[in-house]
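# Structural description and commentary
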Amino acid sequence: MQFSHIGRSGLEVSRLCLGAMTFGRETSKKDSLKMMDMFKDRGGNFIDTANVYSQGLSEEIVGEWLGNQNREDWVIATKVRFPMGDGPNHKGLGRKHIFSSIQDSLDRLGTDYVDILYVHAWDYNTRLEETLSTLSSVVESGMARYIGVSNHSGWQLQRALDVSEFRDLEPYIILQAKYNLLIRETEWELLPVVKNHGMGFVAWGPLFGGWLSGRYTRDMSAPPRGSRVETAEEKGWFESWSRYNRESTWKVIDEVLEVARETGKSPAQVSLNWLLQKPITGPIIGASKIHHLEDNLDSAEWQLSAEHMARLDEISRPELPYPYDFLEMAKGV
């Protein structure tokens, strides 16, 4: 397993991060514990969860496993933002909810601190200054070592970084956002902000609900029964069949399958290795089945050739809308 510092911080993490969103939901407690054992055996040290995952059950499972480990060997990240109860102050990024949420997360995780506390998304109902000053207090109190941000637009991230700098508050050291061969719009605004401010970046949804795992092919008329994409169709999630059953998707998948054939690797490994060769901290790998995790972990043990990277870059490159098309043209002038 390779390791990388998170941006310009002193925190070093495995380039593959284990996502715990499925723990207690698609994945049983027994299998979740086995997955963390496997991740440890393969050299990983970075686990990502959130208070809202199975309404705290994911954190509890991670906490039970963590209780049998050397705490200092592990980088544990969790999140705050979404509802954890029916009351008006059981959600959001206000001072009251942030402090109660982090304490509840620490209790479930069975630890005195988390290494990273993310805000799970922008809060339109709370002043940014209140959120950032509260997060600074959380770090000063020792309940979190660092703070991070997830699911923000470019202007939101830039605004938060500017306010932190102007008011001398704790800055976000890492962004967590969706990024994969089918979702590359992240490159337009978010990754440049991350680079400019020396932040780390971890990609969630690297296989996009299984679309990039090799399970789906253009000859299908519908997703397989019981698949994540079928569930997404029923629940209106991002990865729904009706939204991504289109030629641009199948062109990318065809190329992933061809590169997998040429390299002798699985399509999932090809998709993950493409991310591992991008200038990011790494992808978050989550699985509902142990053999899927084992396959994903193997993505870190080899490298796509420059030719394969170029082919995947080209086939997956989205058409630039304005103003990005104009800005791209202006680079050479």
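Residues numbered from 1 in each chain as written. Predicted model: local features only at pLDDT ≥ 70, side-chain atom pairs only at ≥ 80, totals over all residues. Heavy atoms only, no water.

## Remarks on the overall build of the protein chain
- Helices and strands together make up the secondary structure of the protein chain, namely 13 helices and 10 strands.
- A globule of 333 residues ought to have a C-alpha radius of gyration of about 20 Å, and the protein chain, at 20 Å, matches this closely.
- The dimensions of the protein chain, computed from C-alpha atoms along their principal axes, are 55 × 55 × 40 Å.
- A total of 333 residues make up the protein chain; the buried ones form 52% of that total.
- With an accessible surface of roughly 15400 Å², the protein chain has 49% of that area assigned to carbon and sulfur atoms. (Helix = DSSP H or I, 4+ residues; strand = E, 2+ residues; numbered from the N terminus. Rg over C-alpha atoms; globule rule 2.2 N^0.38 Å. Buried < 20%, exposed > 50% of the residue type's maximum accessible area, 1.4 Å probe, protein only. Areas by Shrake-Rupley, 256 points an atom, 1.4 Å probe, with all protein chains shown as cover.)

## A short note on helix 1 (residues 29–41)
- Relative to the 18 Å expected for 13 residues at 1.5 Å per residue, helix 1 spans 18 Å between its end C-alpha atoms, a close match to the ideal helical length.
- When we look at burial in helix 1, the residues that qualify are Ser32, Leu33, Met35, Met36, Met38 and Phe39.
- Buried-residue contacts for helix 1 involve strand 2 (12–14), strand 3 (17–19), strand 4 (46–48), helix 2 (57–66) and helix 11 (290–297).
- Backbone geometry just after helix 1 places Gly43 at a positive phi near 95°. (Expected span 1.5 Å × (residues − 1). Contact = heavy atoms within 4.5 Å.)

## Here's the deal with helix 10 (residues 267–276)
- Judged by how many residues are buried, helix 10 sits mostly within the fold: 10 of 10 residues are covered.
- Restricting attention to buried positions, one finds in helix 10 the residues Pro267, Ala268, Gln269, Val270, Ser271, Leu272, Asn273, Trp274, Leu275 and Leu276.

## Describing the pattern of salt bridges
- In total, this model carries 22 salt bridges according to the counting rule given.
- Salt-bridge contacts for Asp298 lead to Arg42; the nearest nitrogen and oxygen are separated by 2.5 Å. Of this pair, Asp298 sits in the loop between helix 11 and helix 12 (306–316) while Arg42 sits in the loop between helix 1 and strand 4, and the two are 256 residues apart along the sequence.
- Overall, Asp298 belongs to the partly exposed group, its relative accessible area being 26%.
- Here Glu307 makes a salt bridge to Arg311, at a shortest N to O gap of 3.4 Å. One end of the pair is Glu307 and the other is Arg311, both in helix 12 and 4 residues apart, which spans about a single turn. (Salt bridge = Lys/Arg side-chain N within 4 Å of Asp/Glu carboxyl O.)

## Here we look at the nonpolar core
- Of all hydrophobic cores here, the largest spans 82 residues; its most connected members are Met36, Ile47, Leu157, Tyr172, Leu175, Phe201 and Trp211.
- Those residues in contact with Leu157, other than ones at most four positions away along the chain, are Val149, His152, Leu175, Leu190, Val193, Val194 and Met199.
- Counting 13 residues, the second largest nonpolar core, distinct from the first, contains Leu11, Ala77, Tyr118 and Ile173. (Core = buried A, V, L, I, M, F, W, Y, C linked by side-chain atoms within 4.5 Å.)

## Points about the pairing of strand 7 (residues 144–150)
- For strand 7, a buried count of 5 out of 7 residues is recorded, marking the element as mostly surrounded by other parts of the structure.
- The sheet contact formed by strand 6 (residues 114–119) and strand 7 spans 5 bridges and is parallel. Paired with Ile116 across the two strands is Tyr146, which belongs to strand 7.
- Where the polypeptide runs from strand 6 across helix 4 (residues 128–141) and back to strand 7, its parallel neighbour, the crossover connection is right-handed.
- With 4 bridges connecting them, strand 7 and strand 8 (residues 172–178) associate as parallel partners. The residue of strand 8 that forms the bridge with Ile147 is Tyr172. (Pairing = 2+ DSSP bridges. Right-handed = clockwise from strand over helix to strand, strands pointing away.)

## Overview of the sheet that holds strand 6
- The sheet built from 8 strands closes into a barrel, its strands ordered 3-4-5-6-7-8-9-10 with parallel pairing. Strand after strand, the sheet turns through a mean of 30° between neighbouring axes, direction not considered.
- In the packing of helix 4 onto the sheet, contacts are made with strand 6, strand 7 and strand 8, and the angle to strand 7 comes to roughly 150°. (Axes fitted to C-alpha atoms, helices over the stretch in contact; angles between N-to-C directions.)

## Brief notes about a nonpolar patch on the surface
- Side chains of Tyr322, Phe326, Met329 and Val333 sit close together on the surface and give an oily, nonpolar patch of about 540 Å² of accessible area.
- Along the polypeptide, Phe326 turns up in helix 13 (residues 324–330).
- We classify Phe326 as partly exposed; its relative accessible area is 48%. (Patch = residues over 30% accessible without salt bridge, like charges linked within 9 Å, V, L, I, M, F, W, Y side chains within 5 Å.)

## Quick look at the pairing of strand 8
- Among the 7 residues that make up strand 8, 7 are buried, leaving the element largely enclosed by the rest of the structure.
- The β-α-β motif built from strand 7, the intervening helix 5 (residues 154–166) and the parallel element strand 8 has right-handed crossover chirality.
- Bridge analysis of strand 8 against strand 9 (residues 200–204) gives 5 bridges, and the strand direction is parallel. Bridged to Leu175 within strand 9 is Phe201.

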